[in-house]
Amino acid sequence: LLAHVLSQAGRAVAAGGNLGTAALDMPDLGPDGRYVLELSSYQLELVNSLRLKAAVLLNITPDHLGRHGGMDGYVAAKRRLFDLVTADGTAILGMDDQFCRAMKTGLPDALTISAQGEAAISAPAAPGAAPADPAALLVMAAILYVSSAAGQRTSHPGRSASLTAQQHTADK
């Protein structure tokens, strides 16, 4: 859906990662292109040079606990997604589970989203802060659209999605 929204907005876009086309098999989209990647906890543990303009973590549910030594290790692997966001990038964090809510403490500048409650989108109230990147707002709009459609959740449990710009070749 995120790739479709970006495509309809006139952006060159490719989608893949853990599902679909492998990230390293995606075409070079040039400096204005956008890559929508679904990254697993395994991939997040291993990637070092990827830089993201926006990262979205919708929710965390128990998965791969044996590999990560329990829930704390799994949450830490998912949290690593935000270590890959550039200084001028945008972090977007779902607030509908206890693990993501606890993660918010360490990510004070993260925008938050929720499929529950009245405040579906919130941003830190920083005086003079720059507005969110338009691409990040497109991501949030697409997520909210999906979450509101027929009252369904936005993703498979535990999956994280990220939107990258201009850094596709970093790990090639």
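What you see is a predicted model, and the numbers here were worked out from it, not measured in a lab. (Residues numbered from 1 in each chain as written. Predicted model: local features only at pLDDT ≥ 70, side-chain atom pairs only at ≥ 80, totals over all residues. Heavy atoms only, no water.)

**Brief notes about the overall build of the chain**
Counting its regular elements, the chain contains six helices and seven strands. Counting from the amino terminus, helix and strand elements in the chain follow one another as α-β-β-α-β-α-α-β-α-β-β-α-β. Within the chain, the fraction of its 172 residues that count as buried is 40%. Looking at the chain alone, contacts between residues at least 24 apart form 62% of all its contacts between residues at least 6 apart. For the chain, the accessible area works out to roughly 8800 Å², and carbon and sulfur atoms hold 54% of it. (Helix = DSSP H or I, 4+ residues; strand = E, 2+ residues; numbered from the N terminus. Buried < 20%, exposed > 50% of the residue type's maximum accessible area, 1.4 Å probe, protein only. Contact = heavy atoms within 4.5 Å. Areas by Shrake-Rupley, 256 points an atom, 1.4 Å probe, with all protein chains shown as cover.)

**Side note on unusual backbone geometry**
Within the chain, histidine 64 stands out as a residue other than glycine whose phi angle is a positive 55°. Relative to the elements of secondary structure, histidine 64 occurs in the loop between β3 (52-57) and α3 (65-68).

**Examining the nonpolar core**
Counting 25 residues, the largest nonpolar core has Leu57, Ile60, Leu81, Phe82, Leu93 and Met103 as the members making the most contacts within it. At the level of elements, β2 (34-39), β3, α4 (71-79), β4 (85-94) and α5 (98-103) are the ones that each hand at least two residues to this core. Excluding residues that lie within four positions of it along the chain, leucine 93 makes contacts with Leu57, Phe82, Cys100, Met103, Lys104, Leu107, Ala110, Leu111, Thr112 and Ile113. Membership of the second largest hydrophobic core comes to five residues, among which are Val56, Leu58, Ile92 and Leu111. (Core = buried A, V, L, I, M, F, W, Y, C linked by side-chain atoms within 4.5 Å.)

**A closer look at the side chain of serine 40**
Here serine 40 lies in the loop between β2 and α2 (41-46). Here serine 40 is in contact with Asn18 and Lys78, once residues within four sequence places are set aside.

**What about the pairing of β3?**
Counted residue by residue, β3 has five buried out of six residues, so it is predominantly covered. Of the pairings in the sheet, the one linking β3 to β4 comprises five bridges and is parallel in character. Bridge assignment links leucine 57 to a residue of β4, and that residue is leucine 93. (Pairing = 2+ DSSP bridges.)

**Some details on α4**
Buried residues of α4: Met71, Tyr74, Val75, Ala77 and Lys78, and no others. Projected down its long axis, α4 shows its buried positions confined to an angular sector of 160°, all on one face. (Arc of directions from axis to C-beta.)

**Notes on the confidence of the model for the chain**
Scored by pLDDT, the chain comes out at a mean of 75, with 67% of its residues at no less than 70. Every residue in residues 145-172 is under pLDDT 50, and counting partners more than four places away or in other chains gives 88 contacts. (pLDDT = per-residue confidence, 0-100.)

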